[in-house]
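Residue-level structural notes
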Amino acid sequence: MKELNENTPMAELMRHFGQKGTVAWIGVRPARNEAVLPVKNVKATPGNGLEGDRFKGSANSPRQVTLIQAEHLAAVASMMNKESVDPGLLRRNIVVQGVNLLALKDKAFAIGTAVLEMTGLCHPCSKMEKALGFGGYNAMRGHGGITAKVIQEGVIQLGDSVFVSEGGSGD
């Protein structure tokens, strides 16, 4: 992880989170091109991502888990002139609400008993056009969420908190 100089005003600001986030939805993709299956809980393991998900990589793979903000689902739905968007259509693993996922850049964060590390942005793919309809790809641009790797095994459940353990979490 890239670390900011700990003694700068910007580093201090980047440690502040107004509140903990919450897991609102979890899904796993059992095989390529199959529907995402919603689950109530899932085991996260370094190098394997989420149990039951099609991802199979190494401990260093940057795309073991994908996350998206619930607030972005509303934005995408609005751009598609829909009341809501089913998170399973977006092919992400975890929907969180109440925390800005981009603020997790260069940080390890806890979800349930697992610890993950943001590895990058999760850009939309061409499947969004089919899943959401004409214009779906562009509606998802800037709202695709993040990718992460599991750095400590644990269980993630609906309703679990999402927070950065160092630097406070709004408590």
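**Describing the pattern of salt bridges**
Across all of its chains, the model carries 2 salt bridges by this definition. The residue Arg29 makes a salt bridge to Asp53 at a minimum N-O spacing of 3.1 Å. Here the residue Arg29 occupies a position in the loop between β1 (21-28) and β2 (37-38), and Asp53 occupies one in the loop between β4 (49-50) and β5 (65-69), the gap between them amounting to 24 residues. Classification of Asp53 as buried rests on a relative accessible area of 2%. Of the charged contacts in the structure, one is a salt bridge between Glu153 and Lys43, with a shortest N-O distance of 3.4 Å. Here Glu153 is found in the loop between β9 (146-152) and β10 (154-157), whereas its partner Lys43 is found in strand β3 (residues 41-45), with 110 residues between them in sequence. On the basis of relative accessibility, which here comes to 32%, the residue Lys43 falls in the partly exposed class.

**Points about the side chain of Asn93**
Mapped onto the elements of the fold, Asn93 is located in the loop between α2 (70-79) and β6 (94-97). Residue class for Asn93 comes out buried when judged on its relative accessible area of 0%. Within the structure, the side chain of Asn93 is placed 2.9 Å from the backbone nitrogen of Thr66, a separation counted as a polar contact. Not counting residues within four places of it along the chain, the set of residues in contact with Asn93 comprises Trp25, Ile26, Gly27, Val28, Arg29, Leu50, Asp53, Gln64, Val65 and Thr66.

**Concerning the sheet that holds β3**
Read across the sheet, 3 strands follow the order β4-β3-β10 without closing on themselves; strand pairing throughout is antiparallel. Edge strands, defined here as strands with exactly one partner in the open sheet, are β4 and β10. Note that β3 and β4 share 2 bridges and pair antiparallel. In the sheet register, Thr45 faces β4, and the bridge partner there is Gly49.

**Here we look at the packing of aromatic side chains**
Evaluated as defined, the whole model comprises 0 aromatic pairs. Note that Lys20 overlies the ring of Phe163, its terminal NZ or CZ placed 4.5 Å from the centroid.

**Some remarks on the nonpolar core**
Leu67, Ile94, Leu104, Phe109, Ile111, Leu116 and Ile156 are the most contacted members of the largest nonpolar core, which totals 25 residues. At the level of secondary structure, the elements contributing two or more residues to this core comprise β1, β3, β5, β6, β7 (108-111), β8 (114-121) and β9.

**A few points about unusual backbone geometry**
The backbone of Asn33 sits at a positive phi, close to 65°, despite the residue not being glycine. Given a relative accessible area of 57%, Asn33 falls into the exposed group. Its identity is not glycine, yet Asp106 carries a phi of approximately 65°, on the positive side.

**Focus on the confidence of the model for the chain**
Per-residue confidence for the chain gives a mean pLDDT of 88; residues scoring 70 or more make up 88%. Helix α1 (residues 9-13) is the least confidently modelled element of the chain, averaging 72 in pLDDT, while β10 averages 98, the highest of any element. Here residues 167-171 scores under 50 on pLDDT; set against residues more than four positions off or in separate chains, the count is 12 contacts.

Procedures and definitions
Residues numbered from 1 in each chain as written. Predicted model: local features only at pLDDT ≥ 70, side-chain atom pairs only at ≥ 80, totals over all residues. Heavy atoms only, no water. Salt bridge = Lys/Arg side-chain N within 4 Å of Asp/Glu carboxyl O. Helix = DSSP H or I, 4+ residues; strand = E, 2+ residues; numbered from the N terminus. Buried < 20%, exposed > 50% of the residue type's maximum accessible area, 1.4 Å probe, protein only. Polar contact = N/O pair within 3.5 Å; in protein donor to acceptor, adjacent residues only side chain to side chain. Contact = heavy atoms within 4.5 Å. Pairing = 2+ DSSP bridges. Phe/Tyr/Trp six-rings, centres within 6.5 Å; stacked < 30°, edge-to-face > 60°. Lys NZ or Arg CZ within 6 Å of the ring centre and 35° of its normal. Core = buried A, V, L, I, M, F, W, Y, C linked by side-chain atoms within 4.5 Å. pLDDT = per-residue confidence, 0-100.

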